[in-house]
Structures are given as C-alpha cells and as structure tokens.
Amino acid sequence: RHRKGMRVAREELLNEVLTPEEIESLGKLDADTYTGVDINLTEWLLAQGSILVKGSLREIAGHVLSDGGPMLTLEQRSWITQLSQQPLRLYDVTDVVPGAQVTLCDAVDLQASPIVVRERSGTRNLEPGMRLGCRVMIVQDHFELSGCAYPFSRIVGHTVTQVYETYLEEFSKDHKKAK
C-alpha cells in the first residue's frame, strides 16, 4: 500500500549514511551480503524511520501498527512494537553454542545480567571476546536477536564502545538542555 513511500524512505536513508560510490557498490554485493544489508535497512526503517503518508510524515512502526495498517498477527505486532522500543545496544559475546545460542553481556551497563539468546545462523561467525551491536527481543519465554547484528572484533570492539559511550553522553546532555 505504501511501497513508494518505503522506497523513498529507503533511498533517503541510503543517501544519508552512504556516499554515492558506496551506494553504487551495493549492486556488486553477493546475494547473501546484499540480503543482510537489506535486512538491516528494513529493520532500521521499521524501528526508527518515517514515511510520507497523505502529505504527513509518520513513524513507520506507528503507522504499521495503527488501525489503517496491514493485518498482523499478535506475534508480528509484538515484534514491530519491540523494534521501535528496543535500542541497538553493544554486548560482549561471552559464550557461543554454534547453531543454538549465544550469551551476551551488556558492554556499557556492566551491572546488567548476562542474556542467553537463542540464535542459530548468527552463531556461525561469533566467538567469545567479540563485541556485538544488536537488538535483543523477547519471544515467548526466551530472547532472540531482531535480525540485524553488527559483530566487531576484539581489537575494534573497544573503540566502538568508546564512541558509543561518547554518543550516549552527548545525547544525554542535549536531552537535558531540551527540557
């Protein structure tokens, strides 16, 4: 129903975060890698993106979940609600059972309890000591990754956390000023 709006929102997101050369290189990616990029873009749009609907800018998740949105199961509605509420966070990978699960510890909130996440395919390339940027979702009685995941090596993971913490500090300062 809003295919054009989604296409425009996707193009705007790509133009905002990538150079023209990087956008062009997307077409050269193998199918699996392109699918991963597409999943990440779509998830970001559902979680935080906006779409033009009848001349008004609306949050995509809110629009999809509204009365005028598509027919969704309770599970689908829960998933989209969680996408819009759960931020991407940084986690330390502390244990991996390939094809089954991964144990994650919050890399910023060191007091948070470890989370055991059911994950099949995502565990193939993970190993203890890595840092992972992801959304953790609640599904019935367990945790799952939302779909997008950004693994960082041990070397780069520390730098990513520093940048993330600086961003959180700046956001907090800006948010306090706005009040």
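This structure is a prediction, so every number in the text was calculated from the model and none was measured.

## Looking at the side chain of R131
Point 1. Inspection of the secondary structure puts R131 in strand β6 (residues 131-139).
Point 2. By relative accessible area, R131 is classed as buried at 15%.
Point 3. Within the structure, R131 has its side chain in polar contact with the backbone oxygen of G157 (distance 3.3 Å).
Point 4. Residue contacts for R131: discarding those within four places in its chain leaves L90, Y91, D92, A107, Y150, P151, F152, G157, H158 and T161.

## Structural notes on the packing of helix α1 (residues 3-17) against helix α3 (residues 31-48)
Point 1. Axis separation between α1 and α3 bottoms out at 11 Å; the angle between their running directions is 105°. With respect to each other, α1 and α3 are oriented roughly perpendicular. Facing α1, whose interface residues are M6, A9, R10, L13 and L14, α3 presents Y34, D38, L41, W44 and L45.
Point 2. Taken together, the residues of the contact of α1 with α3 break down into 8 nonpolar, no polar and 2 charged.

## Regarding the pairing of strand β4 (residues 101-106)
Point 1. Bridge count between strand β3 (residues 89-97) and β4: 6 bridges; the pairing is antiparallel. In the strand pairing of β4, D95 is matched with T103.
Point 2. Here β3 folds back onto β4 in antiparallel fashion, the turn holding 3 residues, of which G99 has a positive phi close to 80°.
Point 3. Looking at chain direction, β4 and strand β5 (residues 115-118) are connected through 4 bridges and run antiparallel. If you follow T103 over to β5, its bridge partner there is V116.

## Details of helix α5 (residues 74-85)
Point 1. When the terminal C-alpha atoms of α5 are compared, their 16 Å separation across 12 residues agrees well with the 16 Å that a helix rising 1.5 Å per residue should span.
Point 2. All of the buried residues in α5 are I80, Q82 and L83. The arc that holds every buried residue of α5, seen down its axis, measures 160°, which confines them to one face. Exposed residues pointing more than 90 degrees away from the buried face of α5 are listed as L74 and Q85.

## Describing the pattern of salt bridges
Point 1. Counted according to the given criterion, the structure contains 5 salt bridges.
Point 2. Across the pair E11 and R7 runs a salt bridge, and its minimum N-O distance is 3.4 Å. Taken together, the residues E11 and R7, both in helix α1 and 4 residues apart, mark about one turn of the helix.
Point 3. A residue is classified by how much of its surface remains accessible, and E11, at 38% relative accessible area, is partly exposed.

## Description of α3
Point 1. Relative to the 26 Å expected for 18 residues at 1.5 Å per residue, α3 spans 25 Å between its end C-alpha atoms, a close match to the ideal helical length.
Point 2. Within α3, burial applies to N40, L41, E43, L45, L46 and A47.
Point 3. Measuring from the side-chain oxygen of the N-cap residue of α3 to the backbone nitrogen of D32 gives 3.2 Å; that N-cap residue is D30.

## Considerations on the nonpolar core
Point 1. Counting 17 residues, the largest nonpolar core has L45, L46, I60, V64, I80 and L83 as its most contacted members.
Point 2. Here L46 is in contact with I60, A61, V64 and L83, once residues within four sequence places are set aside.
Point 3. Of all hydrophobic cores here, the second largest spans 13 residues; its members include V93, V102, L104 and V117.

The rules behind the values
- Residues numbered from 1 in each chain as written.
- Predicted model: local features only at pLDDT ≥ 70, side-chain atom pairs only at ≥ 80, totals over all residues.
- Heavy atoms only, no water.
- Helix = DSSP H or I, 4+ residues; strand = E, 2+ residues; numbered from the N terminus.
- Buried < 20%, exposed > 50% of the residue type's maximum accessible area, 1.4 Å probe, protein only.
- Polar contact = N/O pair within 3.5 Å; in protein donor to acceptor, adjacent residues only side chain to side chain.
- Contact = heavy atoms within 4.5 Å.
- Axes fitted to C-alpha atoms, helices over the stretch in contact; angles between N-to-C directions.
- Parallel < 35°, antiparallel > 145°, perpendicular 65-115°, else oblique.
- Nonpolar A, V, L, I, M, F, W, Y, C, P; charged D, E, K, R; others polar.
- Pairing = 2+ DSSP bridges.
- Expected span 1.5 Å × (residues − 1).
- Arc of directions from axis to C-beta.
- Salt bridge = Lys/Arg side-chain N within 4 Å of Asp/Glu carboxyl O.
- Core = buried A, V, L, I, M, F, W, Y, C linked by side-chain atoms within 4.5 Å.

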